[in-house]
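# Residue-level structural notes
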Amino acid sequence: MTLMKTLMGAAATLALSAGASLAEPALIFDLGGKFDKSFNEAAFGGAERWAAETGNSFREIELQSEAQREQALRRFAEAGANPIVMAGFAFGDALGQVAGDYPDTRFVIIDMVVDAPNVRSVVFNEHEGSYLVGMMAAEASKSNTVGFIGGMDIPLIRKFACGYAQGVMAANPDAKVIANMTGTTPAAWNDPVKGSELTKAQISQGADVVYAAAGGTGVGVLQTAADEGILSIGVDSNQNHLHPGKVLTSMMKRVDNAVFDAFTDGVDMETGFSVMGLANGGVGYALDDNNAPLVSAEMQAMVDAAAAKIATGEIKVHDYMSDDSCPSLSF
Amino acid sequence: MEKMPKWADVVLIPLISLLLAAALSALVILAIGEDPVAAVKLMVDGALGSSYGWGYTLYYATNFMFTGLAVAVAAHAGLFNIGGEGQAMLGGLGVAVVCLFIPWPHWSLALIFAALGAGLFGAAWAAIPAYLQAKRGSHIVITTIMFNFIAAAVLNYVLVNVLRPEGSMDPATARFPEAVHLPSLHELLAPLGIAFSKSAPANVSLVVAVAACIFVWLLIWRTPLGFEIRAFGKSEAGARYAGISPIKITMIAMLISGALAGMMATNNVMGEAERLVLNSTEGAGFIGIAVALMGRNHPFGVFLAAILFGFLYQGGAELALWTKIPRELIVVIQALVILFTGALDNMVRMPLERIFLALRKETR
């Protein structure tokens, strides 16, 4: 009898602790892991900021396997977590299967479009931010040759490269852009050694500014650029602090804002297609104490003018993903 | 004369190993400031407490049954097949080819041919190391593990360049057509009036896995070929003297082993994802080694060990969902169980043998 009571009590406590998650928001990280210094970490930063400002808590999970994508979505939805935010295009397929089964739950997917009434699809105008850092690269380059190192060769990364090349050309029509991709599989997101080798290869071709849009691989690019005495450009998070005085700037993709906004809007959020660009602070370039000496007033004025023109639509930056082609760069 | 009774070998040793692993895991959880009792409850409840939990546990277990059997069959021939991972990857390719390019009228037909395709691809991948071992003496451990890397590269190439749909960012095939959707346990049990969770991925390939267990038992202990495999595994020189061809047995045992590993793809590729993704095997080929070790290379032991590892995987996922225990520590807990049940077997066995020996002397 007493044993039974203990068992029942334990079960009840457990049920309570599982049920206490009601209406908490949840964040699902992709296989790259929470602390990748880039994309997932930016998402985590946004959630932490929301938690610090509101004093509320949120659920999170770092996935271990592909089978857990759908599982995590369903479990959080069944436990009442709302909204559920997932970081990464790889969730597209799973969310497409799950969203219809939980019409009252709001889902937010970043970098991918899923067409369902209860899903907010957040995409970024990475080409606009890349255009700005491309202008800065062309201004800072003395050899008139700049480099681009992408992670996995997917349309999304070509979008970065294409915007970058357009920015370079806008600032200096005589400049040359060397573009390389690290690989064709997800392993390319986390291969700093290959990133380092590509950087050396681009330096030998004359590049003196290198832009890395490659997740964890970029750490190797920035390191080698700093070691070899050339400038580099970081991506997603502000990476200027990694090598102070050696990183020209970082193309900020405010994944943290996307997560923060989703958590703040909560269960009443507007769903549908959400574009974060220059106009609404979704992308931009980073300027802080670490790179202030590298950015001349002239350079800054030029970039800010271009940013204003892009925001008003006066300058149109071509989006690679709109027609799978790029006028300023061939792959 | 046996040093200890059979039940101690089969039941007591794994049980003590498990308890030791659990105790160490509890210390690990304590060290990071979480409550080990609550963690265990969460794991048990999440993995076995509902049909949803069972659905996931059995899904993982199905994978491990196939790869565990693959390792076990090779082990009976004295061959250590570490290539289950690569063979299962290629099996996935076989399933994808069968499902994508042939219009199937019904899932049952598709399942039979997908299993054949998966087995064929898996066996073909095992055939090259087997041939090198049989004819050239290249050690099977080295060649199979190298073939895992080659398999990953082949799959990369095929998914990125051949099977990826136009405009997709994911290196994965298109979704398989609706007709080859395998019924989940929910759909199978509903007509019988048994309610089973709709969202769990366990599916009809569990039945295939159980059938494979029975097939392996019949093969190894009830056929002349099984006798030859075991004889060859126990003593190559003895088998050769008895007229058993080492080349033939090495090839056949590895082909069966590769086919079993490949057939795992009917579960994870056809049953769960319904498309082929890059990392579909997720280490199940390596877990198969631990499963076979723990199951003492016996199909029934493999069956039980596979369910235990399924429990660990699903329980681990529940821990990740509802606690702040980081995923790396969940891997540590899973690894401790593998370490104790697989690698540190003798640590428990030797003292136990001494105890049983002492007891026997006393009773005499």
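Residues numbered from 1 in each chain as written. Chains lettered and ligands numbered in written order. Predicted model: local features only at pLDDT ≥ 70, side-chain atom pairs only at ≥ 80, totals over all residues.

Take the overall build of chain B next. On a plain count of helices and strands, chain B comes out with 16 helices and 0 strands. Compactness check: chain B gives a C-alpha radius of gyration of 21 Å against a globular reference of 21 Å for 364 residues, within 12% of the reference. Over its C-alpha atoms, taken along the principal directions, chain B stretches across nearly 75 × 60 × 40 Å. A buried classification covers 48% of the 364 residues belonging to chain B. Look at the contacts in chain B between residues 6 or more apart in sequence, and 77% of them connect residues 24 or more apart. (Helix = DSSP H or I, 4+ residues; strand = E, 2+ residues; numbered from the N terminus. Rg over C-alpha atoms; globule rule 2.2 N^0.38 Å. Buried ≥ 20, exposed ≤ 12 C-beta atoms within 10 Å, placed from the backbone. Contact = placed C-beta atoms within 7 Å.)

Turning next to the packing of helix H5 (residues 126–140) of chain A against helix H6 (residues 155–171) of chain A. Residue and element names in this part refer to chain A. Taken N-terminus to C-terminus, the directions of H5 and H6 make an angle of 40°; their axes are 6 Å apart at the nearest point. In terms of orientation, H5 and H6 fall into the oblique class. Classified by chirality, the crossing of H6 by H5 is right-handed. Contact with H5, carried on its side by Glu126, His127, Glu128, Ser130, Tyr131, Leu132, Val133, Gly134, Met135, Ala137, Ala138 and Glu139, involves Lys159, Phe160, Cys162, Gly163, Tyr164, Ala165, Gln166, Gly167, Val168, Ala170 and Ala171 of H6 and no other residues of that element. Tallied by class, the residues present in the contact of H5 with H6 amount to 13 nonpolar, 6 polar and 4 charged. (Axes fitted to C-alpha atoms, helices over the stretch in contact; angles between N-to-C directions. Parallel < 35°, antiparallel > 145°, perpendicular 65-115°, else oblique. Left-handed = near helix turned anticlockwise from the far one by under 90°. Nonpolar A, V, L, I, M, F, W, Y, C, P; charged D, E, K, R; others polar.)

What follows concerns the sheet that holds strand S9 (residues 231–236) of chain A. Residue and element names in this part refer to chain A. Ordered in space as S7-S6-S8-S9-S10-S12, the 6 strands form an open sheet in which the pairing is mixed. Of all strands in the sheet, those bounded by a partner on one side alone are strand S7 (176–183) and strand S12 (283–285). With direction set aside, neighbouring strand axes in the sheet form an average angle of 15°. Bridge analysis of S9 against strand S10 (residues 247–253) gives 5 bridges, and the strand direction is parallel. Within the sheet, the bridge partner assigned to Val235 lies in S10 and is Met251. Each of strand S6 (145–152), S7 and strand S8 (209–213) is contacted by H6, which is oriented at about 170° to S6, the strand it contacts most. Lying over the sheet, helix H8 (residues 217–228) contacts S6, S7, S8, S9 and S10, oriented at roughly 160° with respect to S9. (Pairing = 2+ DSSP bridges.)

Turning our eyes to something else, we now look at the interface of chain B and chain A. Residue-level contacts link 23 residues of chain B with 22 residues of chain A. Elements represented by at least two residues in the side of chain B that touches chain A include exactly helix H2 (36–48), helix H6 (140–163), helix H12 (265–273) and helix H14 (299–322) of chain B. For the side of chain B that touches chain A, the element with the highest residue contribution is H14(B), accounting for 4 residues.

Moving on, we get to the environment of Ile330(B). Residue and element names in this part refer to chain B. Among the secondary structure elements, Ile330 is positioned in helix H15 (residues 327–343). Between the C-alpha atom of Ile330 and that of Val28, which follows or precedes it by 302 residues, the distance is 10.0 Å. Beyond its immediate chain neighbours, meaning those up to four positions away, Ile330 contacts Gly316, Leu319, Ala320 and Ile325.

Glancing now at the nonpolar core. Residues Leu95(A), Ala137(A), Met65(B) and Leu69(B) are the most contacted members of the largest nonpolar core, which totals 219 residues. At 17 residues, the largest contribution of residues to this core is made by helix H3 (residues 51–76) of chain B. If we ignore the near neighbours within four places in the chain, the residues touching Met65(B) are Ala209(B), Ala212(B), Cys213(B), Val302(B), Phe303(B) and Ala306(B). (Core = buried A, V, L, I, M, F, W, Y, C linked by C-beta atoms within 7 Å.)

This prediction gives chain A a mean pLDDT of 88; 93% of its residues lie at or above 70. In this model, residues 1–21 of chain A is a region of pLDDT below 50 whose contacts with residues beyond four sequence positions or in other chains number 10 contacts. (pLDDT = per-residue confidence, 0-100.)

All names here are of chain B. Given a rise of 1.5 Å per residue, 17 residues ought to cover 24 Å, and the 23 Å separating the end C-alpha atoms of H15 matches this to within 8%. For H15, every residue scored as buried is listed here: Ile330, Ile333, Gln334, Leu336, Val337, Ile338, Phe340 and Thr341. Buried residues belonging to H15 abut helix H1 (6–31), helix H13 (284–294) and H14. (Expected span 1.5 Å × (residues − 1).)

Residues and elements named next belong to chain A. With parallel pairing, the 6 strands of this open sheet are ordered in space as S2-S1-S3-S4-S5-S11. Since the sheet does not close on itself, it has two edges, and those belong to strand S2 (59–62) and strand S11 (272–276), each with one partner. Strand after strand, the sheet turns through a mean of 15° between neighbouring axes, direction not considered.

What follows is about the packing of helix H2 (residues 39–54) of chain A against helix H9 (residues 255–265) of chain A. Residues and elements named next belong to chain A. Two numbers describe how H2 lies on H9: the axes approach to 7 Å, and their chain directions differ by 40°. The element H2 and its partner H9 pack so that their crossing is right-handed. Residues Phe39, Ala42, Ala43, Gly45, Gly46, Ala47, Arg49 and Trp50 of H2 form the contact with H9, whose participating residues are Val255, Asp256, Asn257, Ala258, Val259, Phe260, Phe263 and Thr264. Of the residues contributing to the contact of H2 with H9, the split by class is 10 nonpolar, 4 polar and 2 charged.

Within a regular strand, the side chains alternate between the two sheet faces. All names here are of chain A. With 7 of 7 residues buried, S10 is to be regarded as a mostly interior element. Where S10 lies against S12, 3 bridges are found, and the strand directions are antiparallel. Residue pairing across strands places Met252 opposite Gly284, the latter belonging to S12.

Residue and element names in this part refer to chain A. Going from Asn82 to Pro83, the amide bond is cis rather than trans, its omega being 0°. As for its position among the elements, Pro83 is in the loop between helix H3 (68–78) and strand S3 (84–87). Notably, Asp111 is not glycine yet its phi reads approximately 75°, a positive angle. In this structure, Asp111 sits in the loop between strand S4 (107–110) and strand S5 (119–124). Accessibility expressed as a C-beta count within 10 Å gives 23 for Asp111, which makes it buried. The phi dihedral of Asp324 falls on the positive side, at around 55°, and the residue is not glycine. As for its position among the elements, Asp324 is in the segment after helix H11 (320–323).

It is worth spelling out H12(B) at this point. Residues and elements named next belong to chain B. Extensive coverage of H12 is indicated by the burial of 9 of its 9 residues. If you check which residues of H12 are buried, you get Ala265, Thr266, Asn267, Asn268, Val269, Met270, Gly271, Glu272 and Ala273. Buried residues along H12 sit in contact with H3, helix H4 (84–101), helix H5 (107–136), helix H8 (205–222) and helix H11 (246–263).

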